Amino acid sequence: MKPLEGKEIILGVSGGIAVYKAVDILRHLTRNGARVTVVMTRHAQEFVTPLTFQVLSGNPVYSDMFKWDVKGKGLTHISIAERGDILLVAPATANIIGKFANGIADDLLSTLFLSVTCPILIAPSMNEKMYYNIVVQENIKRLSNRNIEIIEPMYGELACGDEGKGRLADIDLIIKKVIELLYSINSKVETQRVEQQGEKEDDLSNRTILITAGPTQEPLDPVRYLSNPSSGKMGYALAERAKRRGAEVILISGPTSLPVPSGVTFIPVRRAEEMEKAVFGHIDRSDIVIMSAAVSDFEPKRYSEKKIPKSDNGLVLELKRTHDILANIGLHKKDKIIVGFAAETDDIIAKGEKKLKDKRLDLIVVNDISDPDIGFRSDFNKVSIIDSEGKVEHLPLMSKMRLADIIIDRVIAIEFNKGYKRGN
Ligand code: CTP
């Protein structure tokens, strides 16, 4: 399935030289499966005709406030607003940003801005002097304070021939932001999706589930540490879904910038050693353990109490292995269900199978980290799940929230297969 399949995007186009790039944005959106409704300002039409957008979107292009929407049921701004999953304005001129920030609604796009309840993304594009003008900066700040996502313009050659910051952001980045916003853990669309599929309430009640998430940090001195780019999104999605499905959740997390899902017991840690202590402090009362944390395999052999001074001769660090928490859990697993993760770049199934066996896991979720669009920082992931009977399930690209539900489904299936009695 394409990432934007079934999604309705409103593409707002205002009048700057970058309007021609909005044509490319439209093509990328439709290629990714989206249905797109284009709304143009009068000035935008001076640069590119509505017909271009109409042909490429296969939909009427809107710009008139006082027309009946031929596609929806009613006045255009209300009916378009109701069907949008996201409003993307690209390019956004200083003028339209000013209207948005100050509640002026004197054309269809600015009126639509006030009518939508979906997430909004704005990609400004203008001359650098205008971009850095204090009024424009204040307007942008005002919008971003209201939870509107701003995709900063790039540095480069501008329409006037000057070099500066003001070029419309890279199109791939804009599309990536649209996808991320639609599927972010707290997004309305994701919540609706879960609701539409029927919330699986309470199928984890009477279960305690211990989840680790995020990276660990192994300090060298008071200001430096070894770490990795794990965002924690997968573990937090698992914690959120397990809680919603009735489990008691213990979330042990390395440093992340994510909000803690409500109702979970949250234990923040920094180093692998602290994570290990926290895990073994809570393991006895856990029925299920999911190790999604990216635990550092090494830590510095010595910690320097004072900041290590720089020297022209370079620096040789001596590292030692951290304990493999997951392997140690496997040694004492009793009747618990243990799920591990693996990040691989090649031969991913064979390596995943070996880790599953070596660490005595019930399931392993294997990420292919050679693909830059998935894994660590993304809201999406494409994984394969391997179970202890050797069954391999290749899953398509999906949001981490959806994947969290599937992993929990598989854990529940293992419980039943093992003949565990529910509700005790
Ligand atoms: N893990 C752990 N303790 C560590 C390292 C990893 O518990 N010190 C867990 C992770 O949470 C994850 C799994 O083990 O569930 C990852 O296994 P690992 O063998 O470390 O795989 P990779 O990180 O992919 O590393 P490598 O291939 O380099 O062995």
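Located above this text is the structure these notes cover.
This report concerns the structure included in the present document. (Residues numbered from 1 in each chain as written. Predicted model: local features only at pLDDT ≥ 70, side-chain atom pairs only at ≥ 80, totals over all residues. Heavy atoms only, no water.)

**Structural notes on the overall build of the protein**
- Scanning the protein for helices and strands turns up 15 helices and 23 strands.
- For the protein, the spread of C-alpha atoms along the principal axes amounts to about 70 × 60 × 40 Å.
- Put simply, the protein has 424 residues, and 52% of those count as buried.
- In the protein, 67% of the contacts between residues at least 6 apart in sequence involve partners at least 24 apart.
- Carbon and sulfur atoms provide 51% of the accessible area of the protein, an area that totals close to 20,600 Å². (Helix = DSSP H or I, 4+ residues; strand = E, 2+ residues; numbered from the N terminus. Buried < 20%, exposed > 50% of the residue type's maximum accessible area, 1.4 Å probe, protein only. Contact = heavy atoms within 4.5 Å. Areas by Shrake-Rupley, 256 points an atom, 1.4 Å probe, with all protein chains shown as cover.)

**Some words on the pattern of salt bridges**
- Counting across every chain of the model gives 26 salt bridges.
- Between Lys-359 and Asp-324 there is a salt bridge whose closest N-O contact spans 2.8 Å. Taken together, the positions of Lys-359 in the loop between α14 (348–358) and β19 (363–368) and Asp-324 in the loop between β17 (319–321) and α13 (325–331) put the pair 35 residues apart, joining distant regions of the chain.
- Here Asp-324 falls in the partly exposed class, since its relative accessible area comes to 25%.
- A network of salt bridges, in which partner residues are shared, links Glu-218, Arg-271, Glu-273, Lys-277, Glu-299 and Lys-320. (Salt bridge = Lys/Arg side-chain N within 4 Å of Asp/Glu carboxyl O.)

**Side note on the site of the ligand**
- By nearness alone, 15 residues border the ligand, and Met-291, Ala-293, Leu-326, Phe-341 and Lys-355 come closest of all.
- One nitrogen or oxygen atom from the main chain of Ile-325 is found 3.1 Å from a nitrogen atom belonging to the ligand.
- For the ligand, an oxygen atom lies 3.0 Å from a polar atom in the side chain of Lys-359.
- Computed on the free molecule, the ligand has an accessible area of 580 Å², of which 77% lies beneath the protein chains in the complex.
- More than half of the atoms of the ligand fall within 2 Å of the grid points belonging to the largest pocket.
- Elements with a contribution of two residues or more to the shell around the ligand: α13 and β18 (337–344).
- If you tally residues by element for the shell around the ligand, the top one is β18, at three residues.
- A breakdown of the residues in the shell around the ligand according to their chemical character gives seven nonpolar, four polar and four charged. (Near = heavy atom within 4 Å. Polar contact = N/O pair within 3.5 Å; in protein donor to acceptor, adjacent residues only side chain to side chain. 1 Å grid on protein atoms, 1.4 Å probe; cavity = no way out; pocket = protein on both sides within 12 Å on 5 of 7 lines; lining within 4 Å. Sits in = over half its atoms within 2 Å of the grid points. Nonpolar A, V, L, I, M, F, W, Y, C, P; charged D, E, K, R; others polar.)

**Thoughts on the packing of aromatic side chains**
- The final tally for this structure, using the stated rule, is three aromatic pairs.
- Relative to Tyr-132, the ring of Tyr-131 lies with its centre 5.2 Å away and its plane at 70°, an arrangement referred to as edge-to-face.
- Taking relative accessible area as the criterion, Tyr-131 reaches 5% and is therefore assigned buried.
- Under the relative-accessibility criterion, Tyr-132 is labelled partly exposed at 47%. (Phe/Tyr/Trp six-rings, centres within 6.5 Å; stacked < 30°, edge-to-face > 60°.)

**Observations concerning the packing of helix α5 (residues 94–102) against helix α6 (residues 108–115)**
- Here α5 crosses α6 at 35°, and the two axes come no closer than 10 Å. Between α5 and α6 lies a crossing of right-handed hand. Two secondary-structure elements touch here, α5 through Ile-96, Lys-99 and Phe-100 and α6 through Leu-109, Ser-110 and Phe-113.
- Split by residue class, the contact of α5 with α6 holds four nonpolar, one polar and one charged. (Axes fitted to C-alpha atoms, helices over the stretch in contact; angles between N-to-C directions. Left-handed = near helix turned anticlockwise from the far one by under 90°.)

**Regarding the sheet that holds strand β2 (residues 35–40)**
- Taken in spatial order, the five strands of this open sheet run β2-β1-β5-β6-β7, and their pairing is parallel. Looking at the sheet topology across the chains shown, the edges are occupied by β2 and β7 (149–150).
- Note: strand β1 (residues 8–13) against β2, six bridges, orientation parallel. Of the residues in β2, the one forming a bridge with Val-13 is Met-40. (Pairing = 2+ DSSP bridges.)

**Examining unusual backbone geometry**
- Residue Pro-91 is bonded to the preceding Ala-90 through a cis peptide linkage, with omega at -5°.
- By secondary structure assignment, the location of Pro-91 is in strand β5 (residues 86–92).
- Here the phi dihedral of Asn-206 falls at roughly 70°; this positive angle occurs in a residue that is not glycine.
- Looking at where Asn-206 falls in the secondary structure, it is placed in the loop between α10 (188–196) and β10 (208–213).

**Observations concerning the sheet that holds β19**
- As summarised here, the arrangement of the eight strands in space is β14-β13-β10-β15-β18-β19-β21-β22, forming an open sheet in which the pairing is mixed. Two strands close off the open sheet at either side, each with one partner strand: β14 (265–268) and β22 (392–394). Going from strand to strand, the sheet's axes swing by 15° on average, the running direction of each strand aside.
- Where β10 meets strand β15 (residues 288–291), four bridges bridge the pair, whose relative direction is parallel. Residue pairing across strands places Ile-211 opposite Ile-290, the latter belonging to β15.
- In this fold helix α15 (residues 400–417) packs onto β15, β18, β19, β21 (383–387) and β22, with an angle of close to 140° to the strand it touches most, β18.

**Some remarks on the layout of surface pockets**
- Size it by volume and the largest pocket reaches roughly 730 Å³.
- Contributing to the lining of the largest pocket are 32 residues, with Ala-293, Ala-294, Val-295, Phe-341 and Ala-343 lying nearest its centre.
- Mapped by element, the contributors of at least two residues to the lining of the largest pocket are α11 (233–244), α13 and β18.
- Its residues assigned to classes, the lining of the largest pocket shows 12 nonpolar, 13 polar and seven charged.
- Computed from the structure, the second largest pocket encloses a volume of approximately 610 Å³.
- Those elements that provide at least two residues to the lining of the second largest pocket are α1 (19–31), α5, α6 and β9 (163–167).
- In terms of residue count, the dominant contributor to the lining of the second largest pocket is α5 (four residues). (Points joined across faces, edges and corners; volume = space filled by probe spheres on them.)

Read these as spatial facts, not as claims about activity.
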